[in-house]
Amino acid sequence: MTSTINETASNPDEASPGPHEKVPGWRKLLSALGNRKTAYMLLFGFASGLPYTLLLSTLYAWMSDAKVDLETMGVFSLIGLAFAFKFLWSPLLDRIDLPVIKKLGHRKQWIVTAQFALAVILMIVSRLDPGGAIGLLSLLAGIGAFASATQDVVMDAWRVDVADEVATIDMLSTVYQLGWRTAVLVGGALALFLAERTSWPTVYALLGVLMGVIAFAAIFAPEPERTSASLTADDDALRELRHPGQLSPKVRGIALAIVGVLWAWALVTVGVFMVQSLSSDPEARPDSVKFIQNMGPIIVIATVVVPVIIAAVLENWRRKGKHVLTVAAEKKDALDGFVDQGYRALILPLAEFVGRLGWAVIIVLTLVLSYRFTDTVWGSFAYPFYLGELQYTKDEVAIASKFFGVGALMAGIALGGALFSFIGRMAVLFLGALTAALSNLLYADLALGGHTMEVVSNFTGFTTLVEWMGGDGRLAKLMVAIAGENLAGGLAGAALVAYLSSITAKGYSAVQYALLSSLTFLVGTLGRGALGQMIDEQGYYPVFILTTLLGFIAVVACIIEWVRQSRLGAKAGVVAAEA
């Protein structure tokens, strides 16, 4: 479910279609697979989804078999922060070339390197015991998450760069999602089936080899040209920062330094906590609940609130003509160039966003930070819940969660797209937040025995259908719960993609979208350690009730934002330009 945001390109005018826009038909899609660029986009989508699934989903099933406690799993899941903070190093990938490997091409050098690194990591992981080498496993998984997030950033750029009249950006984005969903099935359902019949080390070794084959094939992918015109335009935009009327280099440098230090501190703080937690005995590890209670709010303030305030102050100064250049300033040395690059890549898009929305940015950020909380905080504990608490087999979980569940997720996305035409974007956004929160009650029922799910399954005839196909009533009620939760998740994901696309500015859509989509995972990711400890101490039922209640923060934020947009009298898709 979390992949919906990451898979969709950021620019609503030039990139992939939102859920409310027309997606190419299947006949056109299949015929386009003969195109070399489209075929590689399918392969890259698979390469993006496979490590994400193996490191942030399937690995927890292996840990569950190895009797790793849930609090450790929750702390381990902090490696997902690599995807939440990938915007921090994304500007570097566009400016730095790797020695020797750069001959492959500006984009391919990073794609191939990241994929080979992931192949090696997966094969090393296959030789480890999660129960006895959790420290080394977490280190490798963290590096793997960094490599996976890196290839995602570059493949997003590759998709935009290679698009043409035949392999359009709409088509490439659609094929990319098809590849991603296929990887979810392979890295999830197929991996569970194979693990049931062989072993987890065998599964990870095989998929590591598969990743290596993909990396080798990527060497021969078409490489987009870096035209002199595009490089000149980028240089012109940097030079504009030193024109009269722009903030002085000193002020911009101080702002960049403050934000950089805060982001670096947050990453180091989380990293140190993760290392201490995973390298200590359970009795000696830090208290994850206290860490989240004490440091969680500070981390959010440091990485979101303070940068937003700084951006607001800078934009206010620029508009009022304070601390601005009166004459053009020449770039003196490499440090000036670094400040210009960093400011344009990270601070300027945020300043534009804050300047355009004004005080409404508080509402928007609250909505973005809370909207997918229930999904992101719960995802890491799904396998332990199915396999450990409910005692389903890997085959049953694969059928219910991956095959049936993925179908329900796609149905939710399609439903969201259809509803845009009838009730509007904000209504769908509200409905997605509400159903995503309430869907936690389905799992709360399972935690108590699943009596309500059983009644629903029997009443609708679904139990009979499952029994006819070789299952039983116990499997049927799990499938009903997963279907409801994934249907809600798909609807919420489609709504959020459309909303984020509507509030980004065309000139800064890539960075703004990356920042906003990253923030959707921040709070949930930080809360997993505390959630794991709560499950260990109190069981699953109270946790599902708590996540349901917390989900209503997003519901309230949706209502406030809906009222704000209604008062502006703006139509969906125009709000970003007029807010």
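Scoring rules and cut-offs
Residues numbered from 1 in each chain as written. Predicted model: local features only at pLDDT ≥ 70, side-chain atom pairs only at ≥ 80, totals over all residues. Heavy atoms only, no water. Helix = DSSP H or I, 4+ residues; strand = E, 2+ residues; numbered from the N terminus. Expected span 1.5 Å × (residues − 1). Buried < 20%, exposed > 50% of the residue type's maximum accessible area, 1.4 Å probe, protein only. Phe/Tyr/Trp six-rings, centres within 6.5 Å; stacked < 30°, edge-to-face > 60°. Contact = heavy atoms within 4.5 Å. Core = buried A, V, L, I, M, F, W, Y, C linked by side-chain atoms within 4.5 Å. pLDDT = per-residue confidence, 0-100.

**Student:** Any details on helix α19 (residues 425-438)? Residues and values, ideally.
**Tutor:** End to end, α19 covers 20 Å across 14 residues, agreeing with the expected 20 Å (1.5 Å per residue, within 8%). All of the buried residues in α19 are Arg425, Met426, Ala427, Val428, Leu429, Gly432, Ala433, Ala436 and Ala437.

**Student:** Could you give an account of the packing of aromatic side chains, naming the residues involved and the relevant values?
**Tutor:** Under the definition given, this model contains 15 aromatic pairs. The interplanar angle of 55 degrees and the centroid separation of 6.4 Å between the aromatic rings of Trp200 and Tyr204 together place this pair among those described as tilted. With Trp200 and Tyr204 both in helix α10 (residues 200-218) and four residues apart, the pair spans about one turn of that helix. Measuring from ring centre to ring centre gives 5.8 Å for Tyr443 and Phe544, while their planes differ by 25 degrees; the resulting arrangement is stacked.

**Student:** An account of the environment of Trp89 is requested, with residue identities and associated values reported.
**Tutor:** Note that Trp89 resides in the loop between α5 (81-84) and α6 (90-93). Distance in space between the C-alpha atoms of Trp89 and Val153 is 9.3 Å, their sequence separation being 64 residues. Ignoring sequence-local partners within four residues, the contact set of Trp89 consists of Ala82, Phe146, Ala149 and Thr150.

**Student:** Give a description of the nonpolar core that names residues and reports values.
**Tutor:** Grouped together as the largest cluster of nonpolar side chains are 111 residues, with contacts concentrated most on Phe44, Met63, Phe76, Tyr204, Trp378, Phe385 and Tyr386. Looking at which element gives the most residues to this core, the answer is helix α3 (residues 36-65), with 15 residues.

**Student:** Run through helix α7 (residues 108-125), naming residues and quoting values.
**Tutor:** Under the 1.5 Å per step criterion, the end-to-end length of α7 is 25 Å for 18 residues, consistent within 8% with the ideal 26 Å. Turning to α7, its buried residues number three or more, namely Lys108, Gln109, Trp110, Ile111, Val112, Ala114, Gln115, Leu118, Ala119, Ile121, Leu122 and Val125.

**Student:** Give me the confidence of the model for the protein chain: which residues, what numbers.
**Tutor:** Scored by pLDDT, the protein chain has a mean of 78; 83% of the residues are at 70 or more. Mean pLDDT across the elements of the protein chain bottoms out in helix α1 (residues 3-7) (36) and peaks in α10 (95). Here residues 227-233 is modelled with pLDDT under 50, and outside its nearest four sequence neighbours on either side it reaches two contacts, counting other chains as well. A low-confidence stretch, residues 570-579 stays under pLDDT 50, and its non-local contacts, those more than four residues away or across chains, total 16 contacts.

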